[in-house]
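Report on the structure
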Amino acid sequence: MGEPAAAQFNIHEAKTQLSRIIERVERGEQVVISRAGVPVAKVVPFPVKARRRQRGSLAGKVTLSADWDSGDVNGTIADDFGMRP
């Protein structure tokens, strides 16, 4: 199955209905703009970014092992990135 067919508007319709087209895109739809029946542009929503409102938003969701900051672990990471002579 592919992605659903995008709504299609000719340039004149797109100019007169821009607000409605933007509302559709904000709801996640894609809209194709055509000239003389030939698609020339696609209006797509921006990807959603994670919103972190404050420090500590991951509190209680991340578990660290007891040795997460030990010399051995740090040395192994340094070796993996070629940071030791």
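Rules and cut-offs
- Residues numbered from 1 in each chain as written.
- Predicted model: local features only at pLDDT ≥ 70, side-chain atom pairs only at ≥ 80, totals over all residues.
- Heavy atoms only, no water.
- UniProt positions renumbered as here; feature names shortened; annotations may be inferred.
- Helix = DSSP H or I, 4+ residues; strand = E, 2+ residues; numbered from the N terminus.
- Buried < 20%, exposed > 50% of the residue type's maximum accessible area, 1.4 Å probe, protein only.
- Contact = heavy atoms within 4.5 Å.
- Areas by Shrake-Rupley, 256 points an atom, 1.4 Å probe, with all protein chains shown as cover.
- Lys, Arg positive; Asp, Glu negative; His and termini not counted.
- Charge placed at Lys NZ, Arg CZ, Asp CG, Glu CD.
- Patch = residues over 30% accessible without salt bridge, like charges linked within 9 Å, V, L, I, M, F, W, Y side chains within 5 Å.
- Salt bridge = Lys/Arg side-chain N within 4 Å of Asp/Glu carboxyl O.
- pLDDT = per-residue confidence, 0-100.
- Pairing = 2+ DSSP bridges.
- Axes fitted to C-alpha atoms, helices over the stretch in contact; angles between N-to-C directions.

For the protein, an unreviewed UniProt entry supplies the name Antitoxin and the organism Jiangella alkaliphila. What UniProt states about the protein under its Function (unreviewed entry) heading is, verbatim, "Antitoxin component of a type II toxin-antitoxin (TA) system." Per UniProt, the protein has the following entry under Sequence similarities (unreviewed entry): "Belongs to the phD/YefM antitoxin family."

Structural notes on the overall build of the protein
What the protein contains, in helices and strands, is three helices and three strands. Moving toward the C terminus, one meets the helices and strands of the protein in the order β-α-α-β-β-α. Principal axes of the C-alpha set define a box for the protein whose edges measure 65 × 35 × 25 Å. Scored against the burial criterion, the 85 residues of the protein give a buried share of 13%. Restricting the contact set of the protein to residue pairs at least 6 apart, pairs at least 24 apart contribute 27%. Summing over all exposed atoms, the protein offers an accessible surface of approximately 7800 Å²; the carbon and sulfur share of this is 54%. When the 13 positive and 10 negative side-chain charges of the protein are each reduced to one mean point, those points stand 13 Å apart.

Brief notes about a nonpolar patch on the surface
Judged by side-chain polarity, Leu58, Val62, Leu64 and Trp68 come together as a nonpolar surface patch covering roughly 430 Å² of accessible area. Locating Leu58 in the fold gives a position in the loop between strand E3 (38-43) and helix H3 (71-80). For Leu58, a relative accessible area of 44% corresponds to the partly exposed category.

Considering the environment of Phe46
Mapped onto the fold, Phe46 is located in the loop between E3 and H3. Taking the C-alpha atoms as reference points, Phe46 and Val32, 14 residues apart in sequence, are found 15 Å from one another.

Side note on the confidence of the model for the protein
The pLDDT averaged across the protein works out to 88; a share of 93% of its residues lies at or above 70. Ranking the elements of the protein by mean pLDDT puts H3 last, at 91, and strand E2 (residues 31-35) first, at 96.

Some points on the sheet that holds strand E1 (residues 7-10)
Spatially, three strands are ordered E1-E2-E3 in an open sheet, and the strand pairing comes out mixed. The sheet terminates laterally at E1 and E3, the two strands that pair on one side only. For this sheet, the mean inter-axis angle between neighbouring strands, taken without regard to orientation, is 30°. Pairing between E2 and E3: five bridges, direction antiparallel.

So, the pattern of salt bridges
Counting across every chain of the model gives two salt bridges. For Glu29, the salt bridge identified is with Arg24, shortest N-O distance 3.0 Å. Of the residues examined, Glu29 reaches a relative accessible area of 27% and is grouped as partly exposed. Within this structure, Arg24, Arg27 and Glu29 form a network of salt bridges that share partners.

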